[in-house]
Amino acid sequence: MHERNGEVLVIMPTYNEAETLETVLRGVRRAAPHADILVIDDGSPDGTGAIADRAASEDSQITVHHRAGKLGLGTAYRHGFQHALAHGYSTAVEMDSDGSHLPEQLPDLISAVASGSDLAVGTRWIPGGEIVNWPWYRRLISRTGTGVARVALRSRLRDLTSGYRALSADALRELDLDRLDSQGYGFQVETAWLLERAGLPIAEVPITFVERAGGSSKMSPGIVLEALRNVIRWGFEIRFGRLSGRGSRV
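Attention here is on the structure that accompanies the text. Just so it is clear, the model here is predicted, and its values are computed rather than measured. Numbering of residues begins from 1 in every chain and follows the order in which that chain's sequence is written. Selection of residues for local features in this predicted model requires a pLDDT of at least 70, selection of side-chain atom pairs for listing and counting requires 80 or more, and totals for whole chains, interfaces and linings are taken over all residues. To obtain the side-chain values, all non-hydrogen atoms of the structure were used and water was disregarded.

1. Focus on unusual backbone geometry
Phase 1: Positive phi outside glycine occurs at Asn16, with the angle close to 60°.
Phase 2: Elements are defined by DSSP. Helices are runs of H or I of four residues or more, strands are runs of E of two residues or more, and each kind is numbered from the N terminus. Within the element layout of this structure, Asn16 appears in the loop between strand S1 (8-14) and helix H1 (21-31).

2. Some details on the pattern of salt bridges
Side chains that differ in charge, positive against negative, can pair when their charged atoms come close.
Phase 1: Salt bridges are defined as contacts in which a side-chain nitrogen from Lys or Arg sits within 4 Å of a carboxyl oxygen from Asp or Glu. Summed over the entire model, instances satisfying the criterion amount to seven salt bridges.
Phase 2: Arg173 is the partner of Asp170 in a salt bridge, and the nearest nitrogen-oxygen pair spans 2.8 Å. With Asp170 and Arg173 both in helix H6 (residues 169-174), this residue pair falls three residues apart, about one helical turn.
Phase 3: A salt bridge links Arg179 to Asp176, with the nearest nitrogen and oxygen atoms 3.8 Å apart.
Phase 4: Residue classification places Arg179 among the partly exposed positions, given a relative accessible area of 37%.
Phase 5: Classification of Asp176 as partly exposed rests on a relative accessible area of 35%. To sort residues, take the accessible area from a 1.4 Å probe on protein chains only and compare it with the maximum for the residue type: under 20% means buried, over 50% means exposed, and anything in between is partly exposed.

3. A short note on helix H4 (residues 106-114)
Phase 1: All buried positions along H4 are accounted for by Leu106, Leu109, Ile110, Ala112 and Val113. Down the axis of H4, the smallest arc covering the buried residues is 155°, so these residues share one side.
Phase 2: Close packing links the buried residues of H4 with S1, H1, strand S4 (91-94), strand S5 (119-123), strand S7 (165-168) and strand S8 (202-206).
Phase 3: One or two positions beyond H4, positive phi appears at Gly116, with a value near 125°. The directions from the helix axis to the C-beta atoms form the arc being described. Here, two residues are considered to be in contact whenever any of their heavy atoms come within 4.5 Å of each other.

4. Looking at helix H3 (residues 73-86)
Phase 1: With 14 residues, H3 should reach 20 Å at 1.5 Å per residue; the first-to-last C-alpha distance of 20 Å fits that figure.
Phase 2: For H3, a buried count of ten out of 14 residues is recorded, marking the element as mostly surrounded by other parts of the structure.
Phase 3: Buried within H3 we find Leu73, Gly74, Thr75, Ala76, Tyr77, Arg78, Gly80, Phe81, His83 and Ala84.
Phase 4: Positive phi appears at Gly88, one or two residues downstream of H3, with a value of about 75°. Here the expected length of a helix is defined as 1.5 Å per residue gap, with one fewer gap than residues.

5. Observations concerning the pairing of strand S3 (residues 62-66)
Phase 1: With four of five residues buried, S3 is to be regarded as a mostly interior element.
Phase 2: Bridge count between strand S2 (residues 36-41) and S3: five bridges; the pairing is parallel. Of the residues in S3, the one forming a bridge with Asp41 is His66. Any two strands with at least two DSSP-identified bridges between them are counted as paired.

6. Quick notes on the environment of Asp46
Phase 1: Summarising the element assignment, Asp46 is placed in the loop between S2 and helix H2 (48-58).
Phase 2: Taking C-alpha positions, Asp46 is 9.2 Å from Glu19, a pair spaced 27 residues apart along the chain.
Phase 3: When residues no more than four places from it in sequence are discounted, the contact partners of Asp46 are Asn16, Glu17 and Ala18.
Phase 4: Of note is the side chain of Asp46, whose polar atom sits 2.7 Å from the side chain of Thr48. Here a polar contact means two N or O atoms within 3.5 Å. Within protein one must be a hydrogen donor candidate and the other an acceptor candidate, and residues neighboring in sequence count only if both atoms are side-chain atoms.

7. What to know about the packing of aromatic side chains
Phase 1: Note on aromatic pairs: the rings of Phe, Tyr and Trp (six-membered ring only in Trp) are paired at centre separations within 6.5 Å, and the planes decide the class, stacked below 30 degrees, edge-to-face beyond 60, tilted for the rest. Applying the stated rule across the entire model yields three aromatic pairs.
Phase 2: A centroid spacing of 6.2 Å and a plane angle of 20° characterise the contact between Tyr77 and Phe187, whose relative ring orientation is stacked. Residue Tyr77 is located in helix H3, and its partner Phe187 is located in helix H7 (residues 186-197); the two are separated by 110 residues in the primary sequence.
Phase 3: Tyr77 gets classed as buried once you look at its relative accessible area, which sits at 0%.
Phase 4: By relative accessible area, which is 0% here, Phe187 ends up buried.
Phase 5: On the numbers, 6.0 Å between centres and 35° between planes, the contact of Phe81 with Phe187 is tilted. Of this pair, Phe81 sits in helix H3 while Phe187 sits in helix H7, and the two are 106 residues apart along the sequence.
Phase 6: One aromatic cluster is present, formed by Tyr77, Phe81 and Phe187 through successive ring pairs.

8. Digging into the pairing of S5
Phase 1: Of all five residues making up S5, five are buried, and the element is well covered by its neighbours.
Phase 2: Residues Leu119, Val121 and Thr123 point to one face of S5 and Ala120 and Gly122 to the other, with burial holding for every one of them.
Phase 3: Judged from the three bridges that link them, S5 and S7 form a sheet pairing that is antiparallel. Residue pairing for S7: Leu119 is matched across the bridge by Leu167.
Phase 4: Across five bridges, S5 lies against S8 in parallel orientation. Paired with Gly122 across the bridge in S8 is Val205.

Here it is in structure tokens:
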């Protein structure tokens with residue numbers, strides 16, 4: 001592992017992103033030249049790992065961690081967060097590697113954390129936010145899922161499921177990473193909700209979300225059911241006081 005170059009670590013989980021990874025990496029390096037990048041590849045059979053390794057061999061600010069198989073988005077980010085804390089980064093960024101998150105909007109998220117927010121959520125459902133190339137039913141599913149989570153968790157955040165976000169080191173420590181429940185996309189809901197309950201300052205930054213440029217979606221019925229099951233359970237815990245200390249500062 002090379003020594004830390006900057007204060008910001010951009011964490012990019014990958015699984016079968018061979019079509020898009022190089023373009024996204026170049027975009028991140030242009031948009032945030034002082035940031036380091038950690039690619040976490042879950043044994044992609046399409047050669048994504050080799051592409052990442054080649055990029056790392058040519059750029060000291062890119063590091064690649066290979067995992068044995070497809071272990072889930074939540075576990076990848078947990079791994080990345082632990083790496084960020086262990087190496088003294090002040091900010092960790094979650095970012096997709098499929099082209100759906102625009103690198104040119106990365107500085108807005110980093111700036112929000114630098115200005116005092118512990119969590120900056122790239123938000124689609126606020127003025128200035130936008131979704132490109134999604135059919136109406138995808139929008140409906142996303143809005144419905146966010147609405148259900150907001151009601152169940154008594155959250156004021158308008159895009160709990162967004163995966164484009166930046167977190168301060170204080171936020172990472174607040175999360176108690178070993179106790180997080182979610183393996184898949186419910187990880188985004190869980191982490192934002194816990195930080196909101198803890199009373200940490202949160203910024204919602206408008207982003208443009210673009211339908212993935214290559215590969216296929218990793219969303220599955222199992223991932224959706226896990227997220228829904230956890231949201232219902234957390235909502236029950238809120239109402240009946242069984243949070244076991246999680247979010248205890250509220």
